[in-house]
Amino acid sequence: KAGVTQTPRYLIKTRGQQVTLSCSPISGHRSVSWYQQTPGQGLQFLFEYFSETQRNKGNFPGRFSGRQFSNSRSEMNVSTLELGDSALYLCASSMRQGEQTQYFGPGTRLLVL
Amino acid sequence: LAKTTQPISMDSYEGQEVNITCSHNNIATNDYITWYQQFPSQGPRFIIQGYKTKVTNEVASLFIPADRKSSTLSLPRVSLSDTAVYYCLVGDPFSYGGSQGNLIFGKGTKLSVKP
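Here the structure is a predicted model, which is why all the values come from computation and not from measurement.

Visitor: Summarise the pairing of strand E3 (residues 19–24) of chain A; cite the residues concerned and give the values.
Guide: Residues and elements named next belong to chain A. In this structure, strand E1 (residues 5–7) lies alongside E3, joined through 3 bridges in antiparallel fashion. Across the sheet, the residue bridging to Thr5 is Ser24, located in E3. Here 5 bridges tie E3 to strand E8 (residues 74–78), and the two strands are oriented antiparallel to one another. Within the sheet, the bridge partner assigned to Cys23 lies in E8 and is Ser74.

Take a look at the structure:
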């Protein structure tokens, strides 16, 4: 099976812009979770989608949003970008909602200037 | 999720066995212990998961004592390519939904393998 794929792999934006990241889960996986990783804060949970519905949300401002499509593919959007949003954004998929065993993609490296 | 404590870093040499211990004093009855490995600029990769005693797969072994308040990830005969950050997580893998399902990563243990 193909692994989790994320696009784009690298992205440079400026403050105030918005960005959309895409994630395709492993075939058959219905849950998609998003994480932000920075050197200072480490890996932090953003949100989880299952059956096109957001099931869980981490402690991030409303500028961070997401959605999931009927084919389980997911997108996350960050509006009004801030310098502190520069990070590696990771997507992970699992068969069921809330599983401890998740399969991560390679991530999207976002740099906000 | 139960909080975990791991050493921040460890050094080893190629060919040695490496044991990384994780403390989880408040582990709940339904919690499992899961380890992930992460290379720089890549997503974490699931290594092993266990509930009690010993679990072994092609990559590592996981030792869990009877009181389950700690666990040890054992990597046999490490190579340079095992240099990575290793995360120990504790949670209920069958918790469908709710905050229990989220993976809460700590700082992990940065393993450096030298030639």
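Visitor: I'd like a description of unusual backbone geometry, backed by residues and values.
Guide: Cis peptide bonds are those with omega within 30 degrees of zero, and the linkage from Thr7 of chain A to Pro8 of chain A qualifies with -10°. The topology assignment puts Pro8 of chain A in the loop between E1 and strand E2 (10–13). In this structure, Ser51 of chain A is a non-glycine residue whose phi angle is positive, near 50°. Along the chain, the position of Ser51 of chain A falls in the loop between strand E5 (42–50) and strand E6 (53–57). Positive phi is not limited to glycine here, since Arg68 of chain B has a value of about 60°.

Visitor: I'd like to hear about the state of the cysteines, residue by residue, with values.
Guide: Per the stated rule, a full pass over the model turns up 2 disulfides over all chains. Two residues share a disulfide in this structure: Cys23 of chain A and Cys91 of chain A, whose sulfurs sit 1.7 Å from each other. One quick way to see it: the torsion about the S-S bond of Cys23 of chain A and Cys91 of chain A is about -45°, and its sign makes the bridge left-handed. Residue Cys23 of chain A is located in strand E3, and its partner Cys91 of chain A is located in strand E9 (residues 87–94); the two are separated by 68 residues in the primary sequence. The buried category is assigned to Cys23 of chain A, whose relative accessible area is 0%. Taking relative accessible area as the criterion, Cys91 of chain A reaches 0% and is therefore assigned buried. Across the disulfide, Cys22 of chain B is cross-linked to Cys88 of chain B (sulfur-sulfur distance 2.2 Å). Across the disulfide from Cys22 of chain B to Cys88 of chain B, rotation about the S-S bond amounts to roughly -80°, and the bridge is consequently left-handed.

Visitor: Give a description of the sheet that holds strand E9 (residues 109–114) of chain B that names residues and reports values.
Guide: Residues and elements named next belong to chain B. Strand order in the open sheet made by the 5 strands is E1-E9-E8-E3-E4, with mixed pairing throughout. Here the strands that pair on one side only, and so sit at the sheet edges, are strand E1 (9–13) and strand E4 (45–50). Here the average twist between neighbouring strands, direction ignored, is 25°. Of the pairings in the sheet, the one linking strand E8 (residues 84–91) to E9 comprises 3 bridges and is antiparallel in character. Pairing of Val85 across the sheet is with Lys110, part of E9.

So, how was this worked out
- Residues numbered from 1 in each chain as written.
- Chains lettered and ligands numbered in written order.
- Predicted model: local features only at pLDDT ≥ 70, side-chain atom pairs only at ≥ 80, totals over all residues.
- Heavy atoms only, no water.
- Pairing = 2+ DSSP bridges.
- Helix = DSSP H or I, 4+ residues; strand = E, 2+ residues; numbered from the N terminus.
- Disulfide = S-S within 2.5 Å.
- Buried < 20%, exposed > 50% of the residue type's maximum accessible area, 1.4 Å probe, protein only.
- Axes fitted to C-alpha atoms, helices over the stretch in contact; angles between N-to-C directions.

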